Amino acid sequence: MKDKIYHNKFAGFYDYFQHGVKGDVNFYLNYFKNFKGKILEIGAGTGRITIPLLKKGLDVTALDISSRMLAILKEEAKKERLSPKLVLADMRTFHLKQKFEAIIVTFRAFQHLYSVDDQLKALKCFKKHLKPNGILIFDIYTPNLKYIQKGDWQWHKDQDINLPSVKGKVRIDYRNRYDMARQMMNQEYRFSYPGGRKEAVPLRMRFFFRFEIKHLLRLAGFKVKNLYGDFSKSKFKSGSPEMIWIVSPERK
Ligand SMILES: C[S@@+](CC[C@H](N)C(=O)[O-])C[C@H]1O[C@@H](n2cnc3c(N)ncnc32)[C@H](O)[C@@H]1O
């Protein structure tokens, strides 16, 4: 992540306007019901998923590249009398002394890896930190022609939000354009404050096609156990909004 957008721009707003993908928190809670192993969450951010897992008594280490996002996680965890293990690191290059039974890369954090080199570096790093029978889970969105066509750089309303430091509603709009050659979604969020001030924040995400991920995983030494098309575990098919990959290290 070269642009550090979460760190510099989103951290203070994040929990007020990003709510993840439908069903993601419950999916992880169910998946790890009665799980005894250690879990490493990559791109844990402000702890939207980490904290519910910790509250169930799970052993979760939260890794993120942004100290501001992690500081919010720490603060939120403190309110619940939890003290999570936090790691400030880049998912492409981290080195931890322990190995984990599970690694989860939550809410499309993998899509912040823009080049094939970065994607492979990260996958290899995950593999190095997984126990031989460990599991890696990550979710990404499925590129949808309808949205790609709509990506005409026109503003669309997202939502109105309340921020503790602002009197009145803050309106959020977004606009998207797609670079098909680079498989990048270039997005801008615009925050309009009651007094008239406006701030635009750019966000870039790499989008992936199904078999591209399969090849990446094979190159990095993973085998696919399951691919779901949404967080209620529907089979991945045409029109599925998400790809939820459940993979494990290939044995030599
Ligand atoms: C969409 S947010 C997801 C936050 C959280 N998992 C959630 O579900 O709300 C993506 C997170 O990935 C982090 N991130 C982006 N690039 C990263 C990298 N190279 N290494 C580690 N974390 C990264 C960002 O700082 C941000 O907190």
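Residue positions are counted from 1 within each chain, in the order its sequence is given. This being a predicted model, a pLDDT of at least 70 is required before a residue's local features are given, and a value of 80 or more before pairs of side-chain atoms are given or counted; all residues contribute to the totals for chains, interfaces and linings. Just so you know, side-chain values use all the structure's heavy atoms and leave hydrogens and water out.

A few words now on the pairing of strand 4 (residues 100-105). With five of its six residues buried, strand 4 lies for the most part within the structure. In this sheet, strand 4 lies alongside strand 1 (residues 38-42) in parallel orientation, the contact comprising four bridges. Residue pairing across strands places Glu41 opposite Ile104, the latter belonging to strand 4. The pairing criterion is simple: DSSP has to find at least two bridges between the two strands. A run of DSSP states H or I qualifies as a helix once it reaches four residues; a run of E qualifies as a strand once it reaches two. Both are numbered from the N-terminal end. Bridging between strand 4 and strand 5 (residues 130-141) involves five bridges; their strand directions are parallel. Bridging from a neighbouring strand, Ile104 pairs with Ile137 of strand 5. Crossovers are marked right-handed if the path from the first strand over the helix to the second runs clockwise, as seen with the strands pointing away from the viewer. For the handedness criterion, the β-α-β arrangement of strand 4, helix 6 (residues 116-128) and strand 5 is classed as right-handed. Note on exposure labels: buried denotes an accessible area under 20% of the residue type's maximum, exposed denotes more than 50%, and partly exposed covers the range between, all computed with a 1.4 Å probe on protein chains only.

Distances are taken per atom, and a residue is near a molecule or strand as soon as one of its heavy atoms is within 4 Å of it. By nearness alone, 20 residues border the ligand, and Tyr14, Gly43, Asp64, Met91 and Thr106 come closest of all. Each polar contact in these results corresponds to two N or O atoms within 3.5 Å; when the atoms are within protein, one needs to be able to donate a hydrogen and the other to accept it, and residues that are neighboring in sequence are counted only if both atoms are side-chain atoms. For the ligand, an oxygen atom lies 2.9 Å from a polar atom in the side chain of Arg48. Contact with the protein chains removes 99% of the 600 Å² of surface that the ligand exposes when unbound. Gly is placed with the polar residues, together with every amino acid not listed as nonpolar (Ala, Val, Leu, Ile, Met, Phe, Trp, Tyr, Cys and Pro) or charged (Asp, Glu, Lys and Arg). Its residues assigned to classes, the shell around the ligand shows 11 nonpolar, five polar and four charged. All accessibility values rest on the Shrake-Rupley procedure with a 1.4 Å probe; residue burial counts only the protein chains present in the view.

As a further point, take the sheet that holds strand 10 (residues 222-228). Read across the sheet, seven strands follow the order 3-2-1-4-5-11-10 without closing on themselves; strand pairing throughout is mixed. A single partner strand is all that each edge strand has here, and the edge strands are strand 3 (85-88) and strand 10. Between one strand and the next, the sheet's axes are offset by a mean angle of 20°, whatever the strand orientation. Sheet topology note: the strand 2 (residues 59-64)/strand 3 ladder contains four bridges and is parallel. For Asp64, the partnering residue across the bridge sits in strand 3 and is Leu88. Most of the contacts of helix 3 (residues 24-31) go to strand 5, to which it runs at about 165°, and overall it touches strand 4, strand 5, strand 10 and strand 11 (242-249). Axis angles are defined between N-to-C directions and span 0 to 180 degrees, where every axis is a line fitted to C-alpha atoms and, for a helix, only to the segment in contact. Two residues qualify as a contact provided that any one of their heavy atoms is within 4.5 Å of a heavy atom in the partner residue.

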